[in-house]
Amino acid sequence: MAHLLHIDTSLRAEGSVSREVGAAFAEAWRSAHPGGEHTYRDLAADPLPHVDPAALVARQSGGDPLERELVAELTAADTVLLAVPMYNFGLPSTLKAWLDWIAVPELFADQETGVGPLTGTRVVVVTARGGSYAPGTPRHPFDFQEPYLRALFGALGVDRDLEFVHAELTSAAVAPHLEQFRDLAAASLEEAHRVVRKLAAA
Ligand SMILES: Cc1cc2nc3c(=O)[nH]c(=O)nc-3n(C[C@H](O)[C@H](O)[C@H](O)COP(=O)(O)O)c2cc1C
């Protein structure tokens, strides 16, 4: 049975662009997979604790119960949707905490073949950024979201099935100095909706 693991991380319960675009993906995915299972986790509302010394020691002996729960939730899914605001050029710390729990040695891919237990899992990352980090823009080198997630999911054996959808310039709606970019922001959001609908139906 198709199984979507959907993770929200925005601190904004209302008005969040990453939540909006992620929800559009989930809705289109449910239409395309009637009867599919949809597991939802909100890391802003219910943040995970950091991996602590005891949890690291427990990795030698079967793992902390929280680690086992999170790894089981991840490996049960065939599609993972991460809805991710840009905070200080990178990921929300709540998502980093989730990644620290699930990136356990047994999930890493074989270094020779690049294949691991998660190979074949599809990962869709929807980001929302106040500015633009697109190739060719001055802030492109400041994007520490996509390169980081590509590196980590690549090490976990997910590279071909990893998709990024960026809704950019979200601050143009509220910041007077970005007013000139409102049309670009609207176009970026519309394109993000179009792409997630297409990805969810594929
Ligand atoms: C703590 C914090 C840090 C932020 N840092 C950045 C940043 O480094 N670059 C950027 O373009 N926007 C930054 N923003 C703006 C958010 O990326 C933007 O509002 C985005 O739409 C948030 O996602 P959301 O709409 O899903 O809440 C920041 C916002 C907050 C609250």
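Not measured: the values here are computed from a predicted model.

S.K.: For the pairing of strand β1 (residues 3-8), give the residues involved together with the corresponding values.
M.R.: With five of six residues buried, β1 lies mostly within the body of the structure. Note on the crossover from β1 through helix α1 (residues 17-32) to strand β2 (residues 37-42): the handedness is right-handed. Pairing geometry for β1 and strand β3 (residues 79-85), over five bridges, is parallel. Note on β3: the bridge partner recorded for L4 is T79.

S.K.: Which residues make up the sheet that holds strand β5 (residues 162-167), and what values do they have?
M.R.: In space, the five strands of this open sheet follow the order β2-β1-β3-β4-β5, with parallel pairing throughout. Each having just a single partner strand, β2 and β5 make up the two edges of the open sheet. Direction aside, the axes of adjacent strands within the sheet are offset by 15 degrees on average. Relative to β5, strand β4 (residues 122-128) runs parallel, the two sharing six bridges. The residue bridging T127 from the neighbouring strand is H166, located in β5. Helix-sheet contacts for helix α6 (residues 182-201) involve β4 and β5, and the interaxial angle to β5 is about 155 degrees.

Cut-off values and rules
Residues numbered from 1 in each chain as written. Predicted model: local features only at pLDDT ≥ 70, side-chain atom pairs only at ≥ 80, totals over all residues. Buried ≥ 20, exposed ≤ 12 C-beta atoms within 10 Å, placed from the backbone. Helix = DSSP H or I, 4+ residues; strand = E, 2+ residues; numbered from the N terminus. Right-handed = clockwise from strand over helix to strand, strands pointing away. Pairing = 2+ DSSP bridges. Axes fitted to C-alpha atoms, helices over the stretch in contact; angles between N-to-C directions. Contact = placed C-beta atoms within 7 Å.

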